[in-house]
Amino acid sequence: WIDIDEQNQMIRSQVALQLETQMPQMPEAQLAALVEQSVSGMLAEPLSPEITRAAIAHEFGHFWYINAFWNQDRVDQNSHYGGAAPDWLDEVAAVSLENDRMTAERRRSLHDSVRQDDVISLSTFLTIEHPLAEFARQNVARVRAASEAAGDSATGSTRIVVLSGDAADEMMNQTSVDPEDFYDVARGFIDFMSDRTNGAIFAQISSALAQEMSFADWLAVEGASLGLPSTIEALESDWESWLQEHI
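Asker: Describe the pattern of salt bridges, with residues and values.
Answerer: Within this structure, the stated rule accounts for nine salt bridges. The shortest N-O distance in the salt bridge between Arg101 and Glu105 comes to 2.8 Å. Taken together, the residues Arg101 and Glu105, both in helix α5 (residues 100-115) and four residues apart, mark about one turn of the helix. Within this structure, Glu98, Arg106, Glu180 and Asp184 form a network of salt bridges that share partners.

This is the structure in structure tokens:
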């Protein structure tokens, strides 16, 4: 896990490298001052310990979920964001492990979106890839190309890319759906399904999908017995009613 201080140091190092390349004769003290001036507004603010713990739990949720249900499936990371599960289900697993502070913030954010009539539809949530998937693929390609151009042919290594400022804003503008909206709906869908079935239902769904059953087929077979509609269309209608009643 990379903390805020480490992220900011990486930003400073990247900026310093760029400036050194552009102005190789600049005295060290001047360069250091210019780096600090350049990164002003780019550095990340410290996260509260609660938010940090929620983020760590979220990421572990992805790992644990993949290992629990999809460990035997090798996924081409160039064509898929996470594990072999649909992206919505993979995200549900991670969001479900977040702490009370983050859960409350996601519910509050979903509430605001509902009141503004700005919630992504359930059918969209269940079918789109993760909003950051295309950016992740482009970024992997850029890093690989830069490494090859630099003559770095190491394989199996881990590379960390930190985005901030304009680069981070550009990333967010490239997404078809705001990633935060995707996470908020994941939180809401967890609450909705738990409320409708009175239990932890996503393990059963994951087991079925790991056996190559679609979510629509699972609903048709198991939905009625669990108190759920039997089609995606009916589930979406029920979801929209639930949002108005509970959010």
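Asker: Requested: an account of the packing of aromatic side chains, with residues and values cited.
Answerer: If you walk through the whole model with that rule in mind, you get 14 aromatic pairs. Ring centres of Phe189 and Trp239 lie 6.0 Å apart, and the angle between their planes is 75°; on these two criteria the pair is classed as edge-to-face. Of this pair, Phe189 sits in helix α9 (residues 179-197) while Trp239 sits in helix α12 (residues 232-246); the two residues are 50 residues apart in sequence, bridging distant segments of the chain. As far as the burial class goes, Phe189 and Trp239 line up, both buried.

Asker: Please set out empty space enclosed by the protein residue by residue, giving values where relevant.
Answerer: This model, assessed by the stated rule, comprises one cavity of 30 Å³ or more. In this structure, the largest cavity encloses a volume near 30 Å³. Forming the walls of the largest cavity are Leu110, Ser113, Asp118, Val119, Ile120, Asp181, Asp184 and Val185. For the lining of the largest cavity, the elements supplying multiple residues, two or more each, are α5 and α9. Each residue belonging to the lining of the largest cavity can be placed in one class, and the counts come to four nonpolar, one polar and three charged.

Asker: How would you sum up α5? Please name residues and give values.
Answerer: In an α-helix, one turn spans 3.6 residues; hence positions three or four apart end up facing the same way. Helix length check: α5 (16 residues) gives 22 Å between terminal C-alpha atoms against 22 Å at 1.5 Å per residue, within 8%. Among the residues of α5, those classed as buried are Met102, Thr103, Arg106, Leu110, Ser113 and Val114. With its buried residues spanning 115° around the axis, α5 presents them on a single face. Positive backbone phi, at 55°, marks Asp117, one or two positions downstream of α5.

Asker: I'd love a proper account of helix α11 (residues 215-222), names of residues and values included.
Answerer: Along α11, the residues classified as buried are Phe215, Trp218 and Leu219. All buried residues of α11 lie within an arc of 100° about the axis, which places them on one face of the element. With respect to the buried face of α11, the exposed residues turned more than 90 degrees away are Ala220 and Val221.

Asker: Explain the nonpolar core to me, using residue names and the numbers behind them.
Answerer: Trp88, Phe125, Phe189, Met193, Phe202, Ile205 and Phe215 are the most contacted members of the largest nonpolar core, which totals 39 residues. In terms of residues, this core owes the most to one element, α9, which gives eight residues. Among the nonpolar cores identified, the runner-up in size contains seven residues, and Ile11, Val15, Leu31 and Val35 belong to it.

The rules behind the values
Residues numbered from 1 in each chain as written. Predicted model: local features only at pLDDT ≥ 70, side-chain atom pairs only at ≥ 80, totals over all residues. Heavy atoms only, no water. Salt bridge = Lys/Arg side-chain N within 4 Å of Asp/Glu carboxyl O. Helix = DSSP H or I, 4+ residues; strand = E, 2+ residues; numbered from the N terminus. Phe/Tyr/Trp six-rings, centres within 6.5 Å; stacked < 30°, edge-to-face > 60°. Buried < 20%, exposed > 50% of the residue type's maximum accessible area, 1.4 Å probe, protein only. 1 Å grid on protein atoms, 1.4 Å probe; cavity = no way out; pocket = protein on both sides within 12 Å on 5 of 7 lines; lining within 4 Å. Points joined across faces, edges and corners; volume = space filled by probe spheres on them. Nonpolar A, V, L, I, M, F, W, Y, C, P; charged D, E, K, R; others polar. Expected span 1.5 Å × (residues − 1). Arc of directions from axis to C-beta. Core = buried A, V, L, I, M, F, W, Y, C linked by side-chain atoms within 4.5 Å.

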